[in-house]
Amino acid sequence: MADTVARLAGTARARTSAPSRRRRTSWHDRLAGVIMGGPALLVFVAMFIVPMLLAIVLSFTDWNGYSLHFDFIGFENYADAFKNPRTVDAAVFTAIIAVVGTVLCNGIGLAVASLIAGNSRGNTVLRTVFFYPYIISALIIGFLWSAMLAPQGAVNSLLAQFGAAPLPFLTDMTFAKASVILTIVWSHFGFNMILYLAGIKSVPTEYYEAATVDGASRWQQFRSVTLPLIAPVLTVNLVLTLVGLLKAYDIVLALTDGGPAASTQTIVYQILKDSFAQARLGFGAAQSVVLLIVTAAIGLAVTFARRGADRKASES
């Protein structure tokens, strides 16, 4: 009888101590997670949250970026940002870059990825060639194409060899805008291509084999098998490209320096120019806050729109 009571007591103690051990283990896991993630969180707060809060505060001031004295002026900077014709023109051109560039980067990237998805050595070389411009500094790309598209540059010299008249790639407003957009697309689509390649490689070959048995053509396989299965990759590519092109600046700086007649200035170029060249850092901060809000809204809208389309496709 005493042995039975002792066993029951030991079992009860074990049952009551098990939750406490789980609690201790859970607490230790949480502490370890905080310790491991703490440095990254501190860097995120220091490099993103704090500057963002400072920009919001400065956007309500007339600070010139140099003086220790500034006054709070309310929403005057925001009102000026929406009324300033230079800012409006820069925002319009930025929107054109973002929309046209996103369509071209993703269209070309997906098409190239589909064509070179095979495992041959030639395809491996082509992937390297197409991706290489993305890893080069944007400033170097801008200077490179500036030298090629200048009035006496390589392209016009080549045209002269065939008796053709030189083209105003960087001196005419329409040509300059097209040159900026195409240069940005040329330097960015390799990134989209790599992501699409990863998505295409992840599609099981059994789907293509079944489609081939059913008599589906290559285009039908691409439309009915590849596209639905790489829809998440498409969403990521659209968001990353759109958000990235809204911040286009360095290629514009090196290629056209915002010219001719300020026709190729982007919103980030205009923000930096107003903040430092014009010594209106408060006004530049207000434009930055507006750009941040617009970028976040567009990114979320594209993400939810793609998820809705994917949900409808899966239900049908």
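Everything numeric in this text was worked out from a predicted model, so none of it was measured.

### Brief notes about the overall build of the chain
- Along the chain, the regular secondary structure elements total 13 helices and zero strands.
- Relative to the 2.2 N^0.38 estimate, which gives 20 Å for 316 residues, the radius of gyration of the chain is 28 Å and therefore markedly larger than a compact globule would have.
- C-alpha extents for the chain along the principal axes are approximately 110 × 75 × 35 Å.
- Across the 316 residues that make up the chain, the buried fraction comes to 34%.
- For the chain, long-range pairs separated by at least 24 residues make up 67% of all intrachain contacts whose partners lie at least 6 apart in sequence.
- Carbon and sulfur atoms make up 70% of the accessible area of the chain, which amounts to about 18900 Å² in all.

### Digging into helix H7 (residues 173–201)
- Its 29 residues place the ends of H7 42 Å apart at the C-alpha level, agreeing with the 42 Å of an ideal helix rising 1.5 Å per residue.
- A bend of about 35 degrees at His188 is the largest found in H7.

### Points about the nonpolar core
- Core analysis: the largest hydrophobic core is formed by 39 residues, its most contacted members being Ile97, Ala113, Val180, Ile184, Met193 and Tyr196.
- Looking at this core, the elements with two or more residues in it are helix H3 (85–115), helix H5 (138–149), H7, helix H8 (205–213), helix H9 (218–229), helix H10 (231–246) and helix H11 (250–255).
- Per-element accounting of this core gives the leading share, nine residues, to H7.
- Residue contacts for Ala113: discarding those within four places in its chain leaves Met193, Tyr196, Leu197 and Ile200.

### Some details on the environment of Val92
- By the secondary structure assignment, Val92 is in helix H3.
- When the C-alpha positions of Val92 and Gln265 are compared, they lie 9.7 Å apart, and in sequence the two are 173 residues distant.

### Structural notes on unusual backbone geometry
- Residue Pro260 follows Gly259 across a cis peptide bond; omega there is -5 degrees.
- Mapped onto the fold, Pro260 is located in the loop between H11 and helix H12 (267–277).
- A positive phi is found at Asp257, a non-glycine position, where the angle reads about 55 degrees.
- Tracing the chain through its elements places Asp257 in the loop between H11 and H12.
- In this structure, Ala279 takes a positive phi of about 55 degrees despite not being glycine.

### Let's talk about the side chain of Asp274
- For Asp274, the position within the fold is in helix H12.
- Apart from the residues lying within four places of it in its own chain, the contact partners of Asp274 are Arg86, Thr87, Ala279, Arg280, Leu281, Phe283 and Gln287.

### Here's the deal with the pattern of salt bridges
- A complete count under the given rule lists two salt bridges for this structure.
- Measuring nitrogen to oxygen at the nearest pair gives 3.3 Å for the salt bridge that ties Arg86 to Asp274. Of this pair, Arg86 sits in helix H3 while Asp274 sits in helix H12, placing them 188 residues apart in sequence.

Rules used in this analysis
- Residues numbered from 1 in each chain as written.
- Predicted model: local features only at pLDDT ≥ 70, side-chain atom pairs only at ≥ 80, totals over all residues.
- Heavy atoms only, no water.
- Helix = DSSP H or I, 4+ residues; strand = E, 2+ residues; numbered from the N terminus.
- Rg over C-alpha atoms; globule rule 2.2 N^0.38 Å.
- Buried < 20%, exposed > 50% of the residue type's maximum accessible area, 1.4 Å probe, protein only.
- Contact = heavy atoms within 4.5 Å.
- Areas by Shrake-Rupley, 256 points an atom, 1.4 Å probe, with all protein chains shown as cover.
- Expected span 1.5 Å × (residues − 1).
- Bend = angle between axes of the 7 residues up to and from the residue.
- Core = buried A, V, L, I, M, F, W, Y, C linked by side-chain atoms within 4.5 Å.
- Salt bridge = Lys/Arg side-chain N within 4 Å of Asp/Glu carboxyl O.

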